[in-house]
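One-letter residues, chain by chain:
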Amino acid sequence: MDLRIFTEPQQGASYDKLLTVAKATEDLGFDAFFRSDHYLRMGSADGLPGPTDAWITLAGLARETKRIRLGTLMTAGTFRLPGVLAIQVAQVDQMSGGRVELGLGAGWFEEEHKAYGIPFPKEKFGRLEEQLAIVTGLWETGAGKTFSYDGTYYQLTDSPALPKPAQSKVPVLVGGHGAVRTPRLAAQYADEFNIPFASLDDTARQFGRVRAAAERAGRKPGDLVYSNALVACVGKDDAEVARRAAAIGREVDELKANGLAGSPAEVVDRLGEFGAIGSARVYLQMLDLDDLDHLDLISSQVLSQLG
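By convention here, each chain's residues receive numbers from 1 onward along its written sequence. Under the rules for a predicted model, residues below a pLDDT of 70 receive no local features and side-chain atom pairs below 80 are neither given nor counted, while totals for whole chains, interfaces and linings still include all residues. Note that water and hydrogens are dropped before the side-chain values are worked out from all heavy atoms of the structure.

Looking at the overall build of the protein
Let me state the cut-off plainly: Note on conventions: DSSP H or I runs of at least 4 residues are helices, E runs of at least 2 residues are strands, and numbering of each starts at the N terminus. Only C-alpha atoms enter the radius of gyration, while the globule expectation follows 2.2 Å times N to the 0.38, with N the number of residues. Per-residue accessibility, obtained with a 1.4 Å probe over protein chains only, is compared with the maximum for each type, and a residue is labelled buried under 20%, exposed over 50%, and partly exposed between these values. The contact definition used throughout considers only heavy atoms, calling two residues in contact when any of these lie within 4.5 Å. For accessible areas, the Shrake-Rupley method is used with a probe of radius 1.4 Å. Any residue's cover is judged against the shown protein chains and nothing else. His is not counted, nor are the chain ends; Lys and Arg add positive charge and Asp and Glu add negative charge. In plain terms, the charge of a residue is placed at NZ if it is Lys, CZ if Arg, CG if Asp and CD if Glu.
Check the secondary structure of the protein and you find eleven helices and twelve strands. Computed over its C-alpha atoms, the radius of gyration of the protein comes to 19 Å, within 12% of the 19 Å expected for a compact globule of 307 residues. With respect to the principal axes defined by its C-alpha atoms, the protein has extents near 60 × 45 × 35 Å. Burial statistics for the protein: of 307 residues in total, 53% are counted as buried. When contacts within the protein are restricted to residue pairs at least 6 apart in sequence, those whose partners lie at least 24 apart make up 73%. As displayed, the protein offers around 13400 Å² of accessible surface, 51% of which is attributable to carbon and sulfur atoms. Separation of charge centres in the protein, based on 33 positive and 41 negative side chains, amounts to 5 Å.

Put into structure tokens, the structure is as follows:
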């Protein structure tokens, strides 16, 4: 099972802080560094020093890391025009030497749109479907050919479909809990399906829906990677687990029920349960970005046991 580090910078993190965590991610043997795409803090966090842009951050990290994959869970479709997003992601992929992955979602947090003057359309899912078609279509267009698209929300005419990513295929992630449209979009466009913050039972049901949708779309269900995003709170002993839970304003029992919490052995066992229902990759949501010892512990006593 791959373990990836997933950060929520809108809660309060500078670029320098994210760079420190990304370098630790690389040095400690994790597979990838991912970040959310939000412009406003949530809950009681102060959000200081203010938001950082996901793709500007990843562009910087692309030049300052060498091995780890880089991506978003999830880029908000409401923030960017699809043609512009295709250019941005392709450029960052070139800057990284082909290490980028694009998680693309519909966008949902209305307050951040109001705070920064970003339109928040009523029909977001239809826009997401067109965005996926456009971004992937631009990248797939052959050299010397043009790409046009006449949709309900977006129209492109004779685009040169440039630049191209460094990778022949940038992995695309689609995710969520929706029972019908989300599995259909994943089956049509995704290389990976991710379900965030879900129980074992809910994960198994949603993976089943995506597998069925893949079959209906003429794909082999095993062609997709299936993954979870789960909050992490690991400690050498009960006291350390409790300290880390308190630092992020959560209760230990709740974290054990809804995330990956407890001793390294408990977390390895829990990961095994997710692996048994088909999860091949887990994004560890790290909410205290100052606690690099947490990453070190997970690397040495959890990641090392996963093979």
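Examining the pattern of salt bridges
Condition: A pair is scored as a salt bridge if a Lys or Arg side-chain nitrogen falls within 4 Å of a carboxyl oxygen belonging to Asp or Glu.
Counted under the stated rule, the structure contains 19 salt bridges. For the salt bridge of Arg 4 with Glu 101, the shortest nitrogen-to-oxygen distance reads 2.9 Å. Pair noted here: Arg 4 is in strand β1 (residues 2–7) and Glu 101 is in strand β5 (residues 100–105), with a separation of 97 residues, a long-range link. The buried category is assigned to Arg 4, whose relative accessible area is 1%. Here Glu 240 and Lys 236 are joined by a salt bridge, their closest N and O atoms 2.9 Å apart. Owing to a relative accessible area of 12%, Glu 240 belongs among the buried residues under this scheme. On the accessibility criterion, Lys 236 (54% relative accessible area) is exposed. One connected set of salt bridges, linked through shared partners, spans Lys 236, Glu 240, Arg 243, Arg 244 and Asp 291.

Some details on the nonpolar core
How we decide: Put simply, a nonpolar core is a bunch of buried Ala, Val, Leu, Ile, Met, Phe, Trp, Tyr and Cys residues held in one set by side-chain atoms that sit within 4.5 Å of each other.
If you look at the biggest cluster of nonpolar residues, it comprises 73 residues, and the most contacted ones within it are Leu 3, Trp 55, Trp 139, Leu 284 and Ile 298. In terms of residue count, helix α5 (residues 125–140) provides more of this core than any other element does, eight residues in total. Sequence-distant contacts of Leu 3, that is, excluding residues within four places in its chain, are made with Phe 30, Asp 31, Ala 32, Leu 271, Val 282, Leu 284, Ile 298, Val 302, Leu 303 and Leu 306.

Observations concerning the packing of aromatic side chains
Formally: When two rings of Phe, Tyr or Trp (its six-membered ring) have centres within 6.5 Å they constitute a pair, described as stacked for plane angles under 30 degrees, edge-to-face for angles over 60, and tilted for the intermediate range. A ring has a charge above it when a Lys NZ or an Arg CZ is no more than 6 Å from the ring centre and no more than 35 degrees off the ring normal.
For the coordinates displayed, the defined rule picks out seven aromatic pairs. Between Phe 193 and Phe 207 the ring centres are 6.4 Å apart and the planes differ by 80 degrees, which places this aromatic pair in the edge-to-face class. Pair noted here: Phe 193 is in strand β9 (residues 192–196) and Phe 207 is in helix α7 (residues 200–216), with a separation of 14 residues, a long-range link. Residue Phe 207 is classed as buried on the basis of its relative accessible area of 1%. Connected via pairs of aromatic rings, a cluster forms that spans Tyr 39, Phe 79 and Tyr 116. Sitting over the ring of Tyr 226, Arg 211 keeps its end group 4.2 Å from the ring centre.

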